[in-house]
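Coordinates in review
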Amino acid sequence: MKRFYHISDNTLNSRGWLYAYKIYPLSEEQVNDCQVCGRIGRYPKREFAVDVEGGKKFPDFMMCAAYPLMIVSKDVIDAWKTEGISGFSAYPVTVRNMSSPKEYYHVVVEGRCEPDLEKMGFKIVKQCESCSAVTYDKPIWSNDNFAIKEETWDGKDLFTARYFPAIVLCSERVLETAKKYKHTNCRIVPLEDAQKIGVKSLV
Ligand SMILES: [Zn+2]
């Protein structure tokens, strides 16, 4: 069995990192507002600008507090390209309220797989016929055992599971790259620990 991981920033477990608290779309927005079920959600598909706060240091992995969007430095993008990491595209993120020593990018994750809801102990009880938003039999944050159907993984190094677009998953190669290039404020934990609090990052 292959090993898979959850990758994110590590801002909530470490100190002093700046994070994006406000975003300004500079590209077309993905609009998920739904008249039928009342779901509201919109975020820029590609470029955007941010205001940052909360620390003194510019990290390689920057938390986006406004929306669950992945923001990384150019160093990370360069390392991923050098190492042949697949499954993403990257669009410029401009820091507006401070002069930044790093260039940033919005990572759009393109790899896909199917979650193993049964293994996670979840049941879909309702799906909106208009926007396909799903409702589970228990709150999503009560899940602390994330699982995927390995045979449905498309083989991309960066990927997400259907129904869970905000949880970015990655292969062993992304973990190795993060260690080799010493990416800062990067949190990578085994898939099964994806939702657990207090688990130490492997990077
Ligand atoms: Zn809907």
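Note: the structure precedes this text.
The text that follows walks through the structure, step by step, so that each part is easy to find.

Conventions we followed
Residues numbered from 1 in each chain as written. Predicted model: local features only at pLDDT ≥ 70, side-chain atom pairs only at ≥ 80, totals over all residues. Helix = DSSP H or I, 4+ residues; strand = E, 2+ residues; numbered from the N terminus. Rg over C-alpha atoms; globule rule 2.2 N^0.38 Å. Buried ≥ 20, exposed ≤ 12 C-beta atoms within 10 Å, placed from the backbone. Core = buried A, V, L, I, M, F, W, Y, C linked by C-beta atoms within 7 Å. Contact = placed C-beta atoms within 7 Å. Arc of directions from axis to C-beta.

Looking only at helices and strands, the chain features 3 helices and 16 strands. In terms of C-alpha radius of gyration, the chain reaches 17 Å, essentially the compact-globule figure of 17 Å for 203 residues. Across its three principal axes, the chain shows a C-alpha extent of roughly 50 × 40 × 30 Å. By the burial criterion, 33% of the 203 residues in the chain qualify as buried.

It is worth spelling out the nonpolar core at this point. In terms of nonpolar packing, the biggest core is built from 47 residues, with Y5, A20, M62, C170 and I188 touching the most fellow members. Dropping the residues within four chain positions of it, I188 is found in contact with Y5, I7, C170, L175, A178, S201, L202 and V203.

On to helix α1 (residues 74–82), then. For the α-helix, the turn length of 3.6 residues means that residues three or four positions removed from each other point alike. The complete set of buried residues in α1 reads V76, A79 and W80. Taken around the axis of α1, the buried residues stretch over an arc of 100°, which confines them to a single face. For α1, the exposed residues lying more than 90 degrees away from the buried face are D78, K81 and T82. Turning to α1, the residues buried within the fold contact β7 (70–73) and α3 (172–181).

Attention now goes to α3. Considered for burial, the residues of α3 that qualify are V174, L175, T177 and A178. Down the axis of α3, the buried side of the element spans an arc of 160°, and every buried residue falls inside it. Within α3, the exposed residues directed more than 90 degrees away from the buried face are E176 and K180. Looking at the buried positions of α3, the neighbouring elements they touch are β1 (4–9), α1, β14 (158–161), β15 (164–171) and β16 (186–190). Following α3 by one or two positions, K182 adopts a phi angle in the positive range, close to 50°.

Geometric values such as these leave the question of function open.
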